[in-house]
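A structural walkthrough
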There are 2 protein chains.
Amino acid sequence: MTNKPQFTPEVLKLANVAKALSHPVRIFILQKLSKMNSCCYSGDLVDELPIGRSTLSQHLKELKYSGLIQGEINPPYIKYCINRKNWEEAKLLFTSFLNEDNAEEISCVINDTIRYK
Amino acid sequence: MTNKPQFTPEVLKLANVAKALSHPVRIFILQKLSKMNSCCYSGDLVDELPIGRSTLSQHLKELKYSGLIQGEINPPYIKYCINRKNWEEAKLLFTSFLNEDNAEEISCVINDTIRYK
DNA sequence: AAAACATTTCGTAATTTTGCGAAATATAAA
DNA sequence: TTTATATTTCGCAAAATTACGAAATGTTTT
C-alpha cells in the first residue's frame, strides 16, 4: 500500500545527461566539440581515439540521441557540432545540481535569459 | 602502424564521475546528501525510492566505490554522508569541463568552404 | 561505369548494469 | 537467550553497453 515515489523530471534529465557523459570517448568528443565554433568529422575523430570506426559511430549516435550533438550531412561527410541549446541546458542543470549545497543566490531562466533575484 | 592515443587522466576521471551520476537513484541520493550537514540511513532512503533494499544497497556501494559518499557505521545503522573532499574535486572537474567552451577554439575543420562546396 | 571514399548499419560476442528475493551478518531489545 | 531490526551479500536473470569486422549506403572521382 505504501506508494513508491517517482523521480522528478529534473533527476531523470540529470541522470540522462550523466549517462551520455559516462564514457571516455564521449567525454573526449564533447570536450572537443563544445569549444567555440568547433566541429568535427567522424574520420578526424577516429585518428585521435583508441577505437574503430563503427564503434565511434555508435558513440556519436548516442550523443546525437541524447541531444548534446547534432550531425549536419555534408556529403560524403557528416559534420558534427555541439547542439548549443541543449548543451547550455545541460550545463545549467548540472551547475545547479553541483551547487545546491552552497546556493544562496537564486537564479531562474525566463525566455532564455538568466535573471537573478 | 598508426599508434592509437590514450585518454588523459582528466578525461578518465570525468567519465568515472559521470558514470557514478548516471542513474536516477544515485542522482537522488547525491542531491540529498550534498546539502549541508545532510546524512541519511539506508532505511530512510528506501522509502523515498522506487526500488528494494538490496538494490539500494548496491547503488550505495557504487557511490562509496566512486568516492563520492562514505558510510559511517553507527550500529545497527550505517550513516551515509557525502565525502566532501571528493565531492568538491568532482565539482571542480565538472565545472571546468562544462565551461571549457569559453576557452580558445581548437577546430579540426579547416577551410570548410573550400573543401566542402 | 567503375573505383575510391566517408560513414553507418548489421550481426555477434563479451562484459557490465540493474533488479529482486533469500540468506547472512551484526547489533539491540525483550 | 531469543527475537526484532538494519543492512549487506549472494545467486540469479534480464537488459544494456561496448566493441569489432563485414556489409551496406550514398557520394565523389576517374
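The coordinates are above.
All of the points below concern the structure found in this document. (Residues numbered from 1 in each chain as written. Chains lettered and ligands numbered in written order. Predicted model: local features only at pLDDT ≥ 70, side-chain atom pairs only at ≥ 80, totals over all residues. Heavy atoms only, no water.)

1. What to know about the protein's contact with DNA strand C
What surrounds DNA strand C is a group of 23 residues, the closest being Gly43(A), Ser57(A), Tyr80(A), Lys19(B) and His59(B). A share of 70% of the atoms of DNA strand C within 4 Å of the protein falls on sugar and phosphate groups. The separation between a phosphate oxygen of DNA strand C and a polar main-chain atom of Gly43(A) is 2.6 Å. In terms of residue count, the dominant contributor to the surface near DNA strand C is helix 4 (residues 53-66) of chain B (five residues). Classifying every residue of the surface near DNA strand C by side-chain character gives eight nonpolar, ten polar and five charged. (Near = heavy atom within 4 Å. Polar contact = N/O pair within 3.5 Å; in protein donor to acceptor, adjacent residues only side chain to side chain. Helix = DSSP H or I, 4+ residues; strand = E, 2+ residues; numbered from the N terminus. Nonpolar A, V, L, I, M, F, W, Y, C, P; charged D, E, K, R; others polar.)

2. Considerations on the relation of the copies chain B and chain A
With an RMSD of 0.1 Å, the fit of chain B onto chain A corresponds to turning through 180 degrees and sliding 0.0 Å along the axis. Taken together, the rotation and translation describe the operation of a two-fold axis. Rotation axis and chain B: the residue whose C-alpha lies nearest the axis is Ala18(B), separated from it by 2.5 Å. Comparing interface residues between copies, 81% of those in chain B also sit at the interface in chain A, which points to an isologous, same-surface contact. (Least-squares fit on C-alpha atoms with pLDDT ≥ 70 in both. Contact = heavy atoms within 4.5 Å.)

3. Re the pairing of strand 2 (residues 69-74) of chain A
All names here are of chain A. Sheet topology note: the strand 2/strand 3 (residues 77-82) ladder contains six bridges and is antiparallel. Looking at strand 3, one finds that Asn-74 is bridged to Tyr-77. Here strand 2 hands over to strand 3 after two residues, the two strands then running antiparallel side by side. (Pairing = 2+ DSSP bridges.)

4. Some points on the state of the cysteines
Residue and element names in this part refer to chain A. Enumeration over the complete set of coordinates arrives at two disulfides over all chains. Shown here is the disulfide that connects Cys-39 with Cys-81, its sulfur atoms set 2.0 Å apart. Handedness here is read from the sign of the S-S torsion; for Cys-39 and Cys-81, about 115 degrees, the answer is right-handed. With Cys-39 in strand 1 (residues 39-41) and Cys-81 in strand 3, this residue pair connects regions lying 42 residues apart in the sequence. (Disulfide = S-S within 2.5 Å.)

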